[in-house]
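For reference, the chains in residue letters:
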Amino acid sequence: MPTNCDPTSPVLRIAVVGYGARGGLARLVASAPVPASVVAVADPEPSARAAAQNHFPDADIVAAVEAVGRPDGIDAAIVLTPDDTHADVAIPLLEAGIPVFLEKPMAITLTEADRILAAAATTGTGLFVGHNFRRTGVMKTLARIIGDGLIGEVKTIWVRHFVGNGGDYYFRDWHADRSRSNSLLLQKASHDIDAIHGLAGAYTRRVTAMGELSVYGAVAERLERPGQTMADWFSYDNWPPQASPVAPVVDVEDVSMVLMALDGGILASYQQCHFSPDYWRNYTVIGTHGRAENIGDTGGGVVRVWNRRRAWDPRGDLEFPIHADPEGHADADQETIDEFLEMVANQSWSSPGAAGAAAAWEALVAARQAVAVGDLATRSLRGGSVPMDVPPLPKVVADRLP
Ligand SMILES: NC(=O)c1ccc[n+]([C@@H]2O[C@H](COP(=O)([O-])OP(=O)(O)OC[C@H]3O[C@@H](n4cnc5c(N)ncnc54)[C@H](O)[C@@H]3O)[C@@H](O)[C@H]2O)c1
């Protein structure tokens, strides 16, 4: 794949690697403020290539990333492949000097996440992990409430995650196979672990967890779905959870709970259930002067604050509307792509001492810490709930931090 990273080029030339259910992210390139265009798409799956050809008729559509061969080169790659491929896809791109947008989670193990980070550190190539959830309206609202001091100093965060779409999102394809995703505590929760760290302003040092495969493991009907993506089988009619066929391999937990001890004595918990009928996250953040909690997590929802002594009152003392897409996270997706393209256009990761470089590395460390917690919590829940300590950053990465 020839590279010709030209910061003066008027339109950034983007290669997309993997064009499945998350392919919609690549289509947001066209609506970013930084001029950019998808010039190549690589995917081994013929149906994915057909979909890409349809959406990007002028792009080179190829089966393997190595075959992306535009003579004028590309400026950056957006990697939307399954989690277990992230290291093997991203590292050669970084080594070729191509800035990479890598979907979350960064990798399925801490070892692989550290390999990717080390490649970014040693090559000096830009890397950006697509943690869009931290950019959602609900997270921004909670962050603002904390930043404005409305609940004092954060001391504990409790997250309940009702993954009502869990059957369709995670139990009908590779996500349900622990060799492909490790666990849904890592796969899905990496968003929330990242968010917890952001709201607390601190990283987890120690985790312990429990989990079970309680519901989907008992489904007898198994189905391969070649050439299909999640949108092909998603339906609210797939209910109750055991009524629809699942993937041939289902060995990840469908209910899991993790306890986290963060720096500064902050404690957090996260519970995730994939057979709940409703799909949303409920955060409670308690500080020295009050408590905040979201009711709904998209546009139309609210965050309430309780900051006076009382008995039970669901209305709270203050209420803040969540300004966001009412359906999901399309707005956060656009912001995520916009930030990546801006990073590429400005090459902001490569200016030592610049605010952009510091922010880029801070975000990478956050993405790594989310993988660390998910991976270690999984080892804990599969190993008798033993507490696990998060190891420090590899030296090559720590040395690179601004
Ligand atoms: N941030 C979010 O909100 C969010 C939401 C969904 C998925 N994701 C992440 O996005 C990524 C993609 O998920 P998905 O649901 O689209 O998966 P998917 O299985 O629907 O699509 C993945 C595509 O990658 C292709 N692929 C596999 N190996 C490849 C390789 N080596 N080179 C090129 N293409 C390859 C597959 O053929 C497939 O078309 C995953 O990492 C997932 O965790 C993030």
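Residues numbered from 1 in each chain as written. Predicted model: local features only at pLDDT ≥ 70, side-chain atom pairs only at ≥ 80, totals over all residues.

Engineer: For the environment of Val-371, give the residues involved together with the corresponding values.
Structural biologist: Turning to its location among the elements, Val-371 is positioned in helix H12 (residues 355-381). Once residues lying within four places of it in the same chain are set aside, the contact partners of Val-371 are Pro-105, Met-106, Ala-107, Leu-110, Ala-113, Leu-186 and Ser-190. (Helix = DSSP H or I, 4+ residues; strand = E, 2+ residues; numbered from the N terminus. Contact = placed C-beta atoms within 7 Å.)

Engineer: Explain the sheet that holds strand E1 (residues 12-17) to me, using residue names and the numbers behind them.
Structural biologist: Backbone-to-backbone hydrogen bonds join strands into a sheet, with any given pair of strands oriented parallel or antiparallel. Taken together, the six strands give an open sheet; going across it, the order is E3-E2-E1-E4-E5-E6, and neighbouring strands pair in parallel fashion. Looking at which strands have only one partner, the edges of the open sheet turn out to be strand E3 (60-62) and strand E6 (127-130). In this sheet, adjacent strand axes meet at a mean angle of 25 degrees when their direction is disregarded. Judged from the three bridges that link them, strand E4 (residues 76-79) and strand E5 (residues 100-103) form a sheet pairing that is parallel. Counted as the bridge partner of Ile-78 is Phe-101 from E5. (Pairing = 2+ DSSP bridges. Axes fitted to C-alpha atoms, helices over the stretch in contact; angles between N-to-C directions.)

Engineer: Which residues make up helix H3 (residues 86-95), and what values go with them?
Structural biologist: Within H3 the residues assigned to the buried category are His-86, Ala-87, Val-89, Ala-90, Leu-93 and Leu-94. The arc that holds the buried residues of H3, viewed along the axis, is 165 degrees, so those residues lie on one side. Its buried side turned inward, H3 meets E1, E4, E5, helix H4 (110-123) and E6. (Buried ≥ 20, exposed ≤ 12 C-beta atoms within 10 Å, placed from the backbone. Arc of directions from axis to C-beta.)

Engineer: Give a description of the sheet that holds strand E12 (residues 290-295) that names residues and reports values.
Structural biologist: Strands sit in the order E14-E13-E12-E11-E7-E10-E9-E8-E15 across an open sheet of nine strands; the sheet is mixed. With partners counted over all chains shown, the strands left at the sheet margins are strand E14 (318-321) and strand E15 (388-389), one partner each. Of the strand pairs in this sheet, E12 and strand E13 (residues 302-306) are connected by five bridges, and their pairing is antiparallel. Bridge pairing links Ala-292 to Val-305 in E13. Its contacts with the sheet put H12 on strand E8 (204-212), strand E9 (255-262) and E15, and the angle it makes with E8 is roughly 45 degrees.

Engineer: Could you give an account of the pairing of E8, naming the residues involved and the relevant values?
Structural biologist: Two strands pair when backbone bridges link them, and E8 and E9 are joined in this way by eight bridges, in the antiparallel orientation. Counted as the bridge partner of Ala-209 is Val-258 from E9. One ladder, built from two bridges, connects E8 with E15; its direction is antiparallel. Counted as the bridge partner of Arg-206 is Asp-389 from E15.

Engineer: How would you explain unusual backbone geometry if you had to name every residue and give the values?
Structural biologist: A cis amide bond links Lys-104 to the next residue, Pro-105, at an omega of -10 degrees. Note that Pro-105 resides in the loop between E5 and H4. Along the chain, Trp-239 connects to Pro-240 via a cis peptide bond; the corresponding omega equals 0 degrees. Residue position: Pro-240 is located in the loop between helix H10 (230-233) and E9. Despite not being glycine, Asn-182 shows a phi value in the positive range, around 75 degrees.

Engineer: Explain the environment of Leu-94 to me, using residue names and the numbers behind them.
Structural biologist: In this fold, Leu-94 is placed in helix H3. Between the C-alpha atom of Leu-94 and that of Leu-117, which follows or precedes it by 23 residues, the distance is 10.0 Å. Those residues in contact with Leu-94 that lie beyond four places of it in its chain are Val-100, Ala-119, Ala-120, Thr-123, Thr-125 and Leu-127.

Engineer: Go over helix H5 (residues 137-147) with me, naming the residues and quoting the values.
Structural biologist: Buried within H5 are the following residues: Gly-137, Val-138, Met-139, Thr-141, Leu-142, Ile-145 and Ile-146. Positive backbone phi, approximately 75 degrees, marks Gly-149, located one or two places after H5.

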